[in-house]
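Structural description and commentary
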Amino acid sequence: RKEVEQDPGPFNVPEGATVAFNCTYSNSASQSFFWYRQDCRKEPKLLMSVYSSGNEDGRFTAQLNRASQYISLLIRDSKLSDSATYLCVVGKDSSYKLIFGSGTRLLVRP
Amino acid sequence: DVKVTQSSRYLVKRTGEKVFLECVQDMDHENMFWYRQDPGLGLRLIYFSYDVKMKEKGDIPEGYSVSREKKERFSLILESASTNQTSMYLCASSTTLAVSYNEQFFGPGTRLTVL
């Protein structure tokens, strides 16, 4: 079983749609959680950290459910520029190492 | 802004060659990482360094070694390149300051092809 699991997609949605991605992780000792965005042939970049209380940044909302070991990302009012691969990332227990999911690909069409 | 640079964007080498991939960061970060990224497998950690001259094996260290002689520079070495090492190699760095919540900053990547 992978340590971080994501649906690879692709999710193909029209502009303006709301789309949600989910991710599950296996290590209950994980302390940090993130969503990274990776554009085609580019490096991953931090989209947002995920906190236990949930957090929102503009059109993006991230939620964490520690009991179910589940992380989600909601994108509202999708833009063409949101087309990318979204990586679910979990801290490896209390170390500085991160475990990356394989990513969920999002395609936003006009 | 944090900047992580890698010595080459594209590299083509022959089987058996010794390959050096260089990574430099300019933010005085303590931690540096080397990953490889392959379709469907995501990013896999090869080696990790938390201080100068300190290194720790990641999940897939076989066939690789690393060197960290200066804080800002972390090198990945393929002692004898093989075709199964054809991949995208990504370097990253992070600070130990708790405020960063372990965020890692990535270089642009080196796409290595071994023929």
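For the structure given in this document, a descriptive report is provided here. Model, not experiment: these values are computed from the prediction.

Moving on, we come to the overall build of chain B. Counting its secondary structure elements, chain B contains zero helices and eleven strands. Helices and strands appear in chain B in the N-to-C order β-β-β-β-β-β-β-β-β-β-β. For chain B, whose C-alpha radius of gyration is 13 Å, the value lies close to the compact-globule estimate of 13 Å for 115 residues. Residue burial in chain B is summarised as follows: out of 115 residues, 49% are buried. When contacts within chain B are restricted to residue pairs at least 6 apart in sequence, long-range pairs at least 24 apart make up 56% of them. Surface exposure of chain B reaches about 5,700 Å², of which carbon and sulfur atoms provide 52%. Each charge sign in chain B was given a centre, from 15 positive and 15 negative side chains, and these centres are 7 Å apart.

All names here are of chain A. In the sheet, strand 6 (residues 55-57) pairs with strand 7 (residues 60-65) via three bridges, with the strands oriented antiparallel. Looking at strand 7, one finds that Asn-55 is bridged to Ala-62. Here strand 6 hands over to strand 7 after two residues, with Gly-58 in that stretch at a positive phi of 60 degrees. With antiparallel pairing between neighbouring strands as the criterion, strand 7 and strand 8 (residues 70-75) make up a hairpin whose turn holds four residues, including Gln-69 at a positive phi of roughly 55 degrees.

Further remarks concern the sheet that holds strand 3 (residues 19-25) of chain A. Residue and element names in this part refer to chain A. Strand order in the open sheet formed by five strands is 1-3-8-7-6, with antiparallel pairing between adjacent strands. Here the strands that pair on one side only, and so sit at the sheet edges, are strand 1 (4-6) and strand 6. Taken pair by pair, the neighbouring strands of this sheet meet at an average axis angle of 20 degrees, ignoring direction. Bridging between strand 1 and strand 3 involves three bridges; their strand directions are antiparallel. Bridge assignment links Glu-5 to a residue of strand 3, and that residue is Thr-24.

Procedures and definitions
Residues numbered from 1 in each chain as written. Chains lettered and ligands numbered in written order. Predicted model: local features only at pLDDT ≥ 70, side-chain atom pairs only at ≥ 80, totals over all residues. Heavy atoms only, no water. Helix = DSSP H or I, 4+ residues; strand = E, 2+ residues; numbered from the N terminus. Rg over C-alpha atoms; globule rule 2.2 N^0.38 Å. Buried < 20%, exposed > 50% of the residue type's maximum accessible area, 1.4 Å probe, protein only. Contact = heavy atoms within 4.5 Å. Areas by Shrake-Rupley, 256 points an atom, 1.4 Å probe, with all protein chains shown as cover. Lys, Arg positive; Asp, Glu negative; His and termini not counted. Charge placed at Lys NZ, Arg CZ, Asp CG, Glu CD. Pairing = 2+ DSSP bridges. Axes fitted to C-alpha atoms, helices over the stretch in contact; angles between N-to-C directions.

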